[in-house]
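The lines below spell out each chain.
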Amino acid sequence: MSKSSLFLAAAFAAATCCSAQAATYPNQESGVFTVPSFTFHTGETLENFNLGYTVLGNRAGEPVLILHGTNGGSAAMLADGFAGELFGPGQPLDADKYFIIIPDAIGTGKSSKPSDGLKASFPHYNYADMVLGQYRLVTEGFGVKHLRLIVGNSMGGMQTWLWTGTYPDFMDAAMPLASLPQPMSGRNWMTRRMIIDLITGDPEYQDGNYTTQPKMAAIANTFYNLATNGGTLHLYKLGPDGKSADAYVDKQLAAPFKKDANDTLYQWASSKDYDPTAGISKIGAQVVAINSADDERNPQIFGALEKAAAQNKNISFYIIPESAETVGHGTTMQAKYWKQELVKLLERAPHRKIEE
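Residues numbered from 1 in each chain as written. Predicted model: local features only at pLDDT ≥ 70, side-chain atom pairs only at ≥ 80, totals over all residues. Heavy atoms only, no water.

Going by the annotation in an unreviewed UniProt entry, the name recorded for the protein is Alpha/beta fold hydrolase, with Candidatus Anaerobiospirillum merdipullorum given as the source organism.

Within a beta sheet, neighbouring strands are joined by backbone hydrogen bonds and run either parallel or antiparallel to one another. Pairing in this open sheet of eight strands is mixed, and the strands run β1-β2-β4-β3-β5-β6-β7-β8 from one edge to the other. A strand with exactly one partner marks an edge of an open sheet, and here the two such strands are β1 (29–39) and β8 (315–320). Across the sheet, the mean angle from the axis of one strand to that of its neighbour is 20°, orientation sign disregarded. Against the sheet, helix α3 (residues 127–141) engages β1, β2 (45–57), β3 (62–67), β4 (98–103) and β5 (147–153), with an angle of about 115° to β1. Most of the contacts of helix α11 (residues 339–348) go to strand β7 (residues 286–292), to which it runs at about 170°, and overall it touches β4, β5, β6 (171–177), β7 and β8. (Pairing = 2+ DSSP bridges. Helix = DSSP H or I, 4+ residues; strand = E, 2+ residues; numbered from the N terminus. Axes fitted to C-alpha atoms, helices over the stretch in contact; angles between N-to-C directions. Contact = heavy atoms within 4.5 Å.)

The next point concerns the packing of helix α5 (residues 186–200) against helix α6 (residues 215–228). Across the interface, α5 lies against α6 with an axial gap of 8 Å and an inter-helix angle of 165°. One element, α5, and the other, α6, form an angle in the roughly antiparallel class. In this structure, α5 meets α6 at a crossing whose hand is right-handed. Counted together, N188, T191, R192, I195, L198 and I199 of α5 and M216, A217, A220, Y224 and T228 of α6 form the full contact between these two elements. Partitioning the contact of α5 with α6 into residue classes produces seven nonpolar, three polar and one charged. (Parallel < 35°, antiparallel > 145°, perpendicular 65-115°, else oblique. Left-handed = near helix turned anticlockwise from the far one by under 90°. Nonpolar A, V, L, I, M, F, W, Y, C, P; charged D, E, K, R; others polar.)

Moving residue by residue along a regular strand, the side chains alternate between the two faces of the sheet. With seven of its seven residues buried, β6 lies for the most part within the structure. Sheet analysis places β5 next to β6, joined by six bridges and oriented parallel. Residue pairing in the sheet places V151 in a bridge with M175 of β6. For the segment spanning β5, helix α4 (residues 155–166) and β6, crossover handedness is right-handed. As paired strands, β6 and β7 are joined by three bridges and run parallel to one another. When the bridges of β7 are listed, A173 appears paired with Q286. (Buried < 20%, exposed > 50% of the residue type's maximum accessible area, 1.4 Å probe, protein only. Right-handed = clockwise from strand over helix to strand, strands pointing away.)

The next subject is the side chain of N221. Secondary-structure assignment places N221 in helix α6. Side chain to side chain, N221 and N71 meet in a polar contact 3.1 Å long. Among all residues touching N221, those that are not within four sequence positions of it are N71, F257 and W268. (Polar contact = N/O pair within 3.5 Å; in protein donor to acceptor, adjacent residues only side chain to side chain.)

As a further point, take the pattern of salt bridges. Within this structure, the stated rule accounts for ten salt bridges. With a shortest N-O distance of 2.5 Å, R193 and D197 are connected by a salt bridge. Remark: D197 and R193 occur in helix α5; sequence separation between them is four residues, near one turn of the helix. For R193, a relative accessible area of 43% corresponds to the partly exposed category. (Salt bridge = Lys/Arg side-chain N within 4 Å of Asp/Glu carboxyl O.)

All right, on to the packing of aromatic side chains then. Under the defined criterion, the tally for this structure stands at 20 aromatic pairs. Ring centres of Y25 and F87 lie 5.7 Å apart, and the angle between their planes is 80°; on these two criteria the pair is classed as edge-to-face. Here Y25, found in the loop between α1 (3–19) and β1, pairs with F87, found in the loop between α2 (83–86) and β4; they are 62 residues apart in sequence, far enough to count as distant. Overall, Y25 belongs to the buried group, its relative accessible area being 13%. Geometrically, the ring pair formed by Y127 and Y274 is tilted, given 5.9 Å between the ring centres and 55° between the ring planes. Within this pair, whereas Y127 is found in helix α3, its partner Y274 is found in the loop between α9 (261–269) and β7, the two being separated by 147 residues in sequence. Neither Y127 nor Y274 differs from the other in exposure class; each is buried. Each residue in the set F38, F40, F49, F122, Y125 and Y266 is aromatic and connected to the rest through ring pairs, giving one cluster. (Phe/Tyr/Trp six-rings, centres within 6.5 Å; stacked < 30°, edge-to-face > 60°.)

Structure, rendered in structure tokens:
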């Protein structure tokens, strides 16, 4: 039995004994793959580096990689609006037919992160490091040599763009959601920068060595979500006058903030140097990008998807129309709006030859 097979057998057995009661989809299991040594883009190295994951579905089926957004984790992609539209019997990614791998990105879930103990001494990772971690999990952890599909939302969408350019022959198809194939810039970065500055500027932050969570972490996170998510028409529907708008803000501010401040600012900071443009011409997989017309973080005025499609014939895109029911940047987590585009992508994407 190979090293990767031994890892799978042990991990699956351990996960089954502990999580079988909570399984929602066939063979749903969570675990951790430990990399003996991981080197970041900065040159820093950490030993015994953990990469968390959730897997489900048919182990003999075609592998599919699902990537979550910032401040999320693999569990976020099991939400009813996403998994409930995709992984069930007869649905586009029927778990009886596909082997679905959902990693915890570096800094989230069960993957190594600042709050594990290093705090602000943890290496400052970026999206390229996250993609490398995902690649090592898929290839070394699960022994997968080729993916049928990658689907990523928001941060996961940006990572999908990086995957297709960095490992252009590793997948047949890709669907980046709520993201653009252009450098992190403009309002998108400016508002992320404000999260970082608000947290580090809080006297309670203490250079990352706090003993209680800095209050500004929760406030900054709430402000960013209201400013760059929710949809203009949808938020107006929820707060059509000052009183109702205040009530909605009060509710958001009162919600428990269960995340760690260092983990939060590291996650947002990791996007600063995102730039997939060098890889666009290399993409050999069939790509359909999905965005919503009211996405506050990725406005269509840039024409980034049109430019990418003009540069590479393998790229096309679909824009979800705005309505009072769409929720801006968060719209793409409702797979009902785009799952038929996924069906069409899988129907036309050829099974590409795997190079041994």
